[in-house]
Amino acid sequence: MKIIVPKNAGVCWGVERAIDMAEAVTHRHAEAKVCHPEARSAEGSSSALISSLGPLVHNPEVVEDFQKKGVQVISDLKEASGGTVIFRSHGVPVELYGLAKEKSLNVVDATCPFVKKSQNFARRLHKHGYVVIVVGDENHPEMKSVKSFIPGEKLITMNPKDIEKIEATKKVGIIAQTTIPKKTLDEMVDACQARFQEVKVHDTICDATKVRQEEAAEVAAQVECMIIIGGENSSNTKKLTHICKTLQPKSYQIEHEREIDFSWFEGIQTLGITAGASTPVPVIHRVKQYIEDVMTSA
Ligand code: SF4
C-alpha cells in the first residue's frame, strides 16, 4: 500500500515555537535543580512550579508529555500560586498580563507572532476611531484574546448580517481570526463595503492553515482512504477532517494509532495521512511506521 503524507502536514510554526519555548523552560528548571542545591530545596515550593494556561496544544500526548516534565495545565490564572506560567500560542486576554504581574509570576509568552499582529491591528484600529469587526468564532481563545485589546465598540462574528448592529455612519476596521477561510473574510468585507463609507481591512489569516487544508484536499482527492491525526478538541483538525471527508468519505480522524481499525484499509492501494496544526511531525512518522509494520506483518 502506498502512503502519501502532504509536505506541510502537522504542527504549524506558531505551535512549534510554543512547544520549543515550553521545552526550554522545563530544561532550565531541570538544570537548576541539578546545579543548585538551593533550587532543589525549592522543589515543591511555588518558585519550582510551571503551569500553562490551558493546554499548550490541542494534542493530549504532547500535554501529557509536558505534565511528566512538570508543566501543569491550569484553566484560570487565579489557580497559579507562583513560579512560571506559559501563555500558549492562541494568546490570552490582555488583563492577564497585569494579573500575572500582581501575582509575581514569571510569564513565558508563547503567543504566536501572527496573533500578536492581530492584537496590534485591533488596538490601532480602535485608537484611530474605527469600530473593529473581528471575523471569527467568539468562543475561540484567540478571539477572546484579540477582543480584549479593543476597549471600544467591536463586533466578533462570522455572520455578515450582524453588521446591522453597527450604525451605518461609522467607519469600520476588519481583522480576521488567523484560521478562518479567506471566503468568510471576503463575504464580510463585501457586506461592510455595501453598508459603511469607510472600511479598512487587515487580512490577518495565517497561511499555515490554508496550506494544510489545500494539501490535505489534494491528497484526499487521490487516495482511497485518509487518516487525519489530531486532538478531538482541535478545531483545525476537525476542519481538515471535514475537507477530507467531502473528497474521500473513507476519512477517519484519530488521536492515536491504537484507534486505527485495519479493516479501513481492506482492498485499498493508496492511503493518505495528514495531521492538524497541533500534531508534532514525529507523531505522523510514528503512525505511518505503525501502519506499514502491521500491514507488512499481516
Ligand atoms: S496557525 Fe498560524 S497563527 Fe495559529 S499558531 Fe499556527 S502559525 Fe500561528
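Residues numbered from 1 in each chain as written. Predicted model: local features only at pLDDT ≥ 70, side-chain atom pairs only at ≥ 80, totals over all residues. Heavy atoms only, no water.

Asker: Pulling in residues and values, what's your account of the packing of helix α8 (residues 207–220) against helix α9 (residues 235–247)?
Answerer: Between α8 and α9, whose axes approach to 9 Å, the crossing angle comes to 30 degrees. With respect to α9, the axis of α8 lies roughly parallel. When you trace α8 past α9, the crossing you get is right-handed. Along the contact surface, α8 presents Arg 212, Gln 213, Ala 216, Ala 217 and Ala 220, while α9 presents Lys 239, Leu 240, Ile 243, Cys 244 and Leu 247. Tallied by class, the residues present in the contact of α8 with α9 amount to seven nonpolar, one polar and two charged. (Axes fitted to C-alpha atoms, helices over the stretch in contact; angles between N-to-C directions. Helix = DSSP H or I, 4+ residues; strand = E, 2+ residues; numbered from the N terminus. Parallel < 35°, antiparallel > 145°, perpendicular 65-115°, else oblique. Left-handed = near helix turned anticlockwise from the far one by under 90°. Contact = heavy atoms within 4.5 Å. Nonpolar A, V, L, I, M, F, W, Y, C, P; charged D, E, K, R; others polar.)

Asker: Lay out the side chain of Glu 257 in plain terms, naming residues and giving numbers.
Answerer: Secondary-structure assignment places Glu 257 in the loop between β11 (251–254) and β12 (270–275). Among all residues touching Glu 257, those that are not within four sequence positions of it are Arg 286, Val 287 and Tyr 290.

Asker: Report on the packing of aromatic side chains, specifying residues and quantitative values.
Answerer: Enumeration according to the criterion identifies six aromatic pairs in this entry. When the ring of Tyr 252 is compared with that of Trp 264, the centres are 3.9 Å apart and the planes differ by 5 degrees; the resulting orientation is stacked. In this pair, Tyr 252 sits in strand β11 while Trp 264 sits in the loop between β11 and β12, placing the two residues twelve residues apart along the sequence. We classify Tyr 252 as partly exposed; its relative accessible area is 22%. Residue classification places Trp 264 among the buried residues on the basis of a relative accessible area of 15%. Feature note: the residues Tyr 252, Phe 262, Trp 264, Phe 265 and Tyr 290 constitute an aromatic cluster, connected by ring pairs. The ring of Phe 66 carries the charged tip of Lys 69 above its face, separated from the ring centre by 5.3 Å. The residue whose ring lies beneath Lys 171 is Tyr 130, and the NZ or CZ to ring-centre distance is 4.4 Å. (Phe/Tyr/Trp six-rings, centres within 6.5 Å; stacked < 30°, edge-to-face > 60°. Buried < 20%, exposed > 50% of the residue type's maximum accessible area, 1.4 Å probe, protein only. Lys NZ or Arg CZ within 6 Å of the ring centre and 35° of its normal.)

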